[in-house]
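# Chain and residue survey
As a plain string of letters, each chain reads:
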Amino acid sequence: MIVIGITGGIGSGKSTVARIIYRLGARIIDADVVARKVVRKGSPALSEIVREFGTEVLNANGALNRRKLAGLVFGDNHKREKLNSITHKYISEEINNKINKMRANEKNEYVVLDVALPIKKGFLDLTDVVWTVISDIGNRIRRVMEKSDMTKEEIIERINSQPDDDEYIKIADTVIENNGTFEELEQRVARLFMQIKTG
Ligand code: ATP
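These lines cover the structure that appears in this document, whether it is placed above or below.

With that out of the way, let us pick up the side chain of serine 92. Tracing the sequence through the fold places serine 92 in helix H5 (residues 77–103). In this structure serine 92 comes out as buried when scored by relative accessible area, which is 7%. Excluding residues within four positions of it along the chain, serine 92 makes contact with Ile119, Lys121 and Gly122.

Where helix H3 (residues 44–53) contacts H5, the axes come no closer than 9 Å and their chain directions differ by 165°. The pairing of H3 with H5 is recorded here as roughly antiparallel in orientation. Seen from above, H3 lies across H5 with right-handed handedness. Only Lys79, Lys82, Leu83, Ile86, Thr87, Lys89 and Tyr90 of H5 make contact with H3, whose side of the interface consists of Pro44, Ala45, Glu48, Ile49, Glu52 and Phe53.

The next thing to look at is the sheet that holds strand S1 (residues 2–7). Spatial ordering of the open sheet is given by S2-S3-S1-S4-S5, a layout of five strands whose pairing is parallel. Looking at the sheet topology across the chains shown, the edges are occupied by strand S2 (27–30) and strand S5 (174–177). When the angles between neighbouring strand axes are averaged without regard to direction, this sheet yields 25°. Alignment of strand S4 (residues 129–134) against S5, held across four bridges, turns out to be parallel. Residue threonine 132 lies in a different strand from S5, and its bridge partner there is valine 175. Most of the contacts of H5 go to S2, to which it runs at about 170°, and overall it touches S1, S2 and strand S3 (110–115). Against the sheet, helix H10 (residues 182–197) engages S1, S3, S4 and S5, with an angle of about 160° to S5.

So, on to the environment of isoleucine 196. Note that isoleucine 196 resides in helix H10. Residue isoleucine 196 is classed as buried on the basis of its relative accessible area of 18%. With 84 residues separating them in the primary sequence, isoleucine 196 and valine 112 have C-alpha atoms 12 Å apart. With residues up to four places along the chain from it excluded, the contact list for isoleucine 196 reads Ile2, Ile4, Tyr110, Val129 and Trp131.

Cut-offs applied
- Residues numbered from 1 in each chain as written.
- Predicted model: local features only at pLDDT ≥ 70, side-chain atom pairs only at ≥ 80, totals over all residues.
- Heavy atoms only, no water.
- Helix = DSSP H or I, 4+ residues; strand = E, 2+ residues; numbered from the N terminus.
- Buried < 20%, exposed > 50% of the residue type's maximum accessible area, 1.4 Å probe, protein only.
- Contact = heavy atoms within 4.5 Å.
- Axes fitted to C-alpha atoms, helices over the stretch in contact; angles between N-to-C directions.
- Parallel < 35°, antiparallel > 145°, perpendicular 65-115°, else oblique.
- Left-handed = near helix turned anticlockwise from the far one by under 90°.
- Pairing = 2+ DSSP bridges.

Structure follows, in structure tokens:
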């Protein structure tokens, strides 16, 4: 089984690339979905978060108030690193479990791992190839504003909190520039996937 890691900053087009490969027959693991799952109500990750940041990050029903937590770590690198050090180990573990389960079924030939933060353990150590998606900042802001209710300022803040393009490019086996149409992206990705399939 070949694991294709897809990474890039917010709005670069990672999930779009992942979906294109999914439609071509690969399985998909979205780190965002995993990140949400590991902090569900009653989870060990959530207990650790509460121990660090207090019960004020919980809703009345005991579930994580993501906005409250985001507000607490907003603009505070130390707090954000603390939060990451808690969540990353649970996310890595869950991704690793998912990949191992998929590996057990020989029908799963290709898996796409869609991750915004290309950390060593839980991404780089699990992927056979890394594709980095980059896109001009104007395109990224416009596309994210169209798909979400984030403001331009919030998007810029997120971009600034993520690694620079250079960092993403450094770890890439292939860099996919996504400044054209969806059809152009689709063609490029299909070609790259075919290269992997044909070895
Ligand atoms: P996030 O980090 O927020 O998950 P992402 O890198 O996964 O972002 P996508 O969700 O794939 O980015 O893309 C952002 C938006 O831009 C989506 O609505 C997607 O449909 C759109 N988009 C991506 N690439 C193109 C393209 N080449 N042409 C037009 N729209 C695009």
